[in-house]
Amino acid sequence: MSELIVEILEDFLGKSHKHYPNKYQIAFDCPVCSHHLKGLDKGDGKGNLEVNYNHHVYKCWACSETHGTHGTINKLIRKYGNRTHLKQYRLVIPPDKKRIPHEIEYTIDGLPQEFTPLNIERDEFDYKKAINYLTKRNIGVDIIKKYNIGYAVNGDYRGRIIFPSYDDNGEINYYLGRSYDKYTKLKYKNPEVSKMDIIFNEGKINWVSNIYLVEGVFDHIALPNSIPMLGKVLNDILFRKLIERAEAKVIIVLDSDAKKDALKLYKRLNSTKLRDRILIINMPDGFDIADVHQRLGKVGVIKVLKSAKKIKESAL
C-alpha cells in the first residue's frame, strides 16, 4: 500500500529527493515555491515539500505559511494531481483515513434543475424581465448564446440570471445566479462550493492568445478571452494554470477601486516565468470594464484595452 502511494505521488510531483521508508517520509520539490514562483520546470532540487504517507499529511517548509501548502494528501492530490491520481489514492488509502475531517469535495452536479436557456424566445413575464435586464447592460443574443446564459421561473433561482461555467472537459463546474430585481438584498446566489477551487469557464480560454484577468462575470462576458476571478484575489489553481499554459500576454483589468489589488497581482505574476508578459490597465474612476461595455460598446472596450502597459520596478 505504501509503495503504491509513493508511486502516485511521484507520478505528479516528479522524482523524490529524500525517502525514509521506515519513517514513511518522502520529500519533493514544491509545486508552488520551486516550480511556479521561481519558474523552474525541473524544480530547485531542495525537496522542501515533505509528505508523511503514514499520517497522510504534507507540508512545504518554505512556503506553507504564505501559500497554504500544507494539509492532507487528499488535498495535495486535488490541488496538484488529477482525477486518476485521486481515484488511485482512494483505492489504497486505509479505511480509517477515508473520512478526513474538514475535507470538502468541491464538485457540482450540473446546473440548477430550474435553469432555462434565454436563447429561445418565450412569451412569459420572467423571460421578458430577464431579457430587459440584459439588454440594459448591452448584452445581446450573441453573448447569450455564446455563454449559454439562462434564467429560472421557479425554485431557489427564480428571478435570477444564471451564468454557467464550463471546465476544460465541457462539464459544469460552477454557476452564478444574479438577481434582475434592483431592490433585492441578495444580488448573487451561488452554489455551496468553493469558487477558489475552480477556473470559471476554463473551457473557453484560448491559452495561446492574450488573456485578460477581470473581477466579475459581467466583465468576463464583455471582454473576449477573459477569466473572471470572482473577486479581487487570484486563486492558486488559476495562478498555476497561467504559469503553465499562458503563451502570450496576461493583462490585468480590475475595477477602479482595486488599484492596490491589481498592483499586488501584477507583482505576483511578474515574479514568475511570465515576467515581462504582464500588463495592467488602470480603469477610469468609478468604472469597471462591464460599465464601459454597457455605455460605449465594443469601441469603448477596445479603446480601454489600448491603455494596457507595464509597470516600472521602482513603482512596485
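As shown above, the structure is provided for reference.
This is a predicted model, so every value here is computed, not measured.

1. Brief notes about the overall build of the protein
Reasoning step 1: Scanning the protein from N- to C-terminus turns up eleven helices and 14 strands.
Reasoning step 2: Projected onto its principal axes, the C-alpha coordinates of the protein cover approximately 70 × 50 × 30 Å.
Reasoning step 3: Out of the 316 residues in the protein, the part that is buried amounts to 48%.
Reasoning step 4: A fraction of 59% describes how many contacts in the protein between residues 6 or more apart in sequence connect residues 24 or more apart.
Reasoning step 5: Carbon together with sulfur atoms contributes 49% to the accessible area of the protein, which is approximately 17000 Å² in total.
Reasoning step 6: If the 52 positive side-chain charges of the protein are averaged to one point and the 40 negative ones to another, these points end up 5 Å apart.

2. Comments concerning unusual backbone geometry
Reasoning step 1: A positive phi angle is found at Leu230, which is not glycine, with a value near 60 degrees.
Reasoning step 2: Structurally, Leu230 is set in the loop between strand S12 (226-228) and helix H9 (236-245).
Reasoning step 3: Of note, the phi angle at Asp276 is positive, near 70 degrees, even though the residue is not glycine.
Reasoning step 4: On the secondary structure map, Asp276 appears in the loop between helix H10 (259-270) and strand S14 (278-280).

3. A short note on the sheet that holds strand S8 (residues 160-166)
Reasoning step 1: Here five strands make up an open sheet; going across it, the order is S6-S7-S8-S9-S10 and the pairing antiparallel. The open sheet terminates on both sides in strands that have one partner only, identified here as strand S6 (115-117) and strand S10 (188-189).
Reasoning step 2: In the sheet, strand S9 (residues 172-179) pairs with S10 via two bridges, with the strands oriented antiparallel. Among the inter-strand pairings, Gly177 is bridged to a residue of S10, identified as Lys189.

4. Brief notes about the environment of Ser64
Reasoning step 1: Considering the arrangement of structural elements, one finds Ser64 in helix H3 (residues 64-67).
Reasoning step 2: We classify Ser64 as buried; its relative accessible area is 5%.
Reasoning step 3: Residues Ser64 and Lys306, 242 residues apart in the sequence, show an inter-C-alpha distance of 39 Å.
Reasoning step 4: Excluding anything up to four places from it in sequence, Ser64 contacts Lys59, Thr69 and His70.

5. Focus: empty space enclosed by the protein
Reasoning step 1: Within this structure, the stated rule accounts for three cavities of 30 Å³ or more.
Reasoning step 2: The computed volume of the largest cavity comes to approximately 50 Å³.
Reasoning step 3: If you go around the largest cavity, the residues you meet are Lys195, Ile198, Ile199, Phe200, Ile227, Pro228, Met229, Leu230, Asn235 and Leu238.

6. Considerations on the nonpolar core
Reasoning step 1: Core analysis: the largest hydrophobic core is formed by 26 residues, its most contacted members being Leu213, Leu234, Leu242, Ile252 and Leu269.
Reasoning step 2: Breaking this core down by element, the ones donating at least two residues are strand S11 (211-214), H9, strand S13 (250-252), H10 and S14.
Reasoning step 3: Broken down by element, the residue count for this core peaks at five residues, all from H9.
Reasoning step 4: When neighbours within four sequence positions are excluded, Leu242 is seen to be in contact with Trp207, Ile211, Leu213, Ile227, Leu234, Val250, Leu269 and Leu274.
Reasoning step 5: One finds Val51, Tyr58, Cys60 and Tyr89 within the second-largest nonpolar core, a separate group that totals 25 residues.

7. Some words on the packing of aromatic side chains
Each aromatic ring pair is characterised by the separation of its centres together with the angle its planes make.
Reasoning step 1: Per the stated rule, a full pass over the model turns up five aromatic pairs.
Reasoning step 2: Both rings, one in Tyr133 and one in Phe218, keep their centres 6.3 Å apart while their planes meet at 70 degrees; by these two values the pair is edge-to-face. Taken together, the positions of Tyr133 in helix H6 (residues 125-136) and Phe218 in helix H8 (residues 217-222) put the pair 85 residues apart, joining distant regions of the chain. Residues Tyr133 and Phe218 agree in their burial class; the two are buried.
Reasoning step 3: Plain terms: the ring middles of Phe163 and Phe218 are 5.2 Å apart, the flat faces sit at 75 degrees to each other, and that makes the pair edge-to-face. Remark: Phe218 occurs in helix H8 and Phe163 occurs in strand S8; sequence separation between them is 55 residues.
Reasoning step 4: Taking the relative accessible area as the measure of exposure, Phe163 reaches 1% and is therefore buried.
Reasoning step 5: Under the relative-accessibility criterion, Phe218 is labelled buried at 7%.
Reasoning step 6: Above the ring of Tyr188, the side-chain terminus of Arg178 is found at 5.5 Å from the ring centroid.

8. Points about the layout of surface pockets
Reasoning step 1: Computed from the structure, the second largest pocket encloses a volume of approximately 340 Å³.
Reasoning step 2: In terms of lining, the second largest pocket is formed by 14 residues, of which the most central are Tyr133, Lys136, Tyr180, Asp181 and Lys182.
Reasoning step 3: Tallying contributions element by element places H6 first for the lining of the second largest pocket, with four residues.
Reasoning step 4: Classifying every residue of the lining of the second largest pocket by side-chain character gives three nonpolar, four polar and seven charged.

Basis of the calculations
Residues numbered from 1 in each chain as written. Predicted model: local features only at pLDDT ≥ 70, side-chain atom pairs only at ≥ 80, totals over all residues. Heavy atoms only, no water. Helix = DSSP H or I, 4+ residues; strand = E, 2+ residues; numbered from the N terminus. Buried < 20%, exposed > 50% of the residue type's maximum accessible area, 1.4 Å probe, protein only. Contact = heavy atoms within 4.5 Å. Areas by Shrake-Rupley, 256 points an atom, 1.4 Å probe, with all protein chains shown as cover. Lys, Arg positive; Asp, Glu negative; His and termini not counted. Charge placed at Lys NZ, Arg CZ, Asp CG, Glu CD. Pairing = 2+ DSSP bridges. 1 Å grid on protein atoms, 1.4 Å probe; cavity = no way out; pocket = protein on both sides within 12 Å on 5 of 7 lines; lining within 4 Å. Points joined across faces, edges and corners; volume = space filled by probe spheres on them. Core = buried A, V, L, I, M, F, W, Y, C linked by side-chain atoms within 4.5 Å. Phe/Tyr/Trp six-rings, centres within 6.5 Å; stacked < 30°, edge-to-face > 60°. Lys NZ or Arg CZ within 6 Å of the ring centre and 35° of its normal. Nonpolar A, V, L, I, M, F, W, Y, C, P; charged D, E, K, R; others polar.

Honestly, that's just the spatial picture; any functional story needs more than this.
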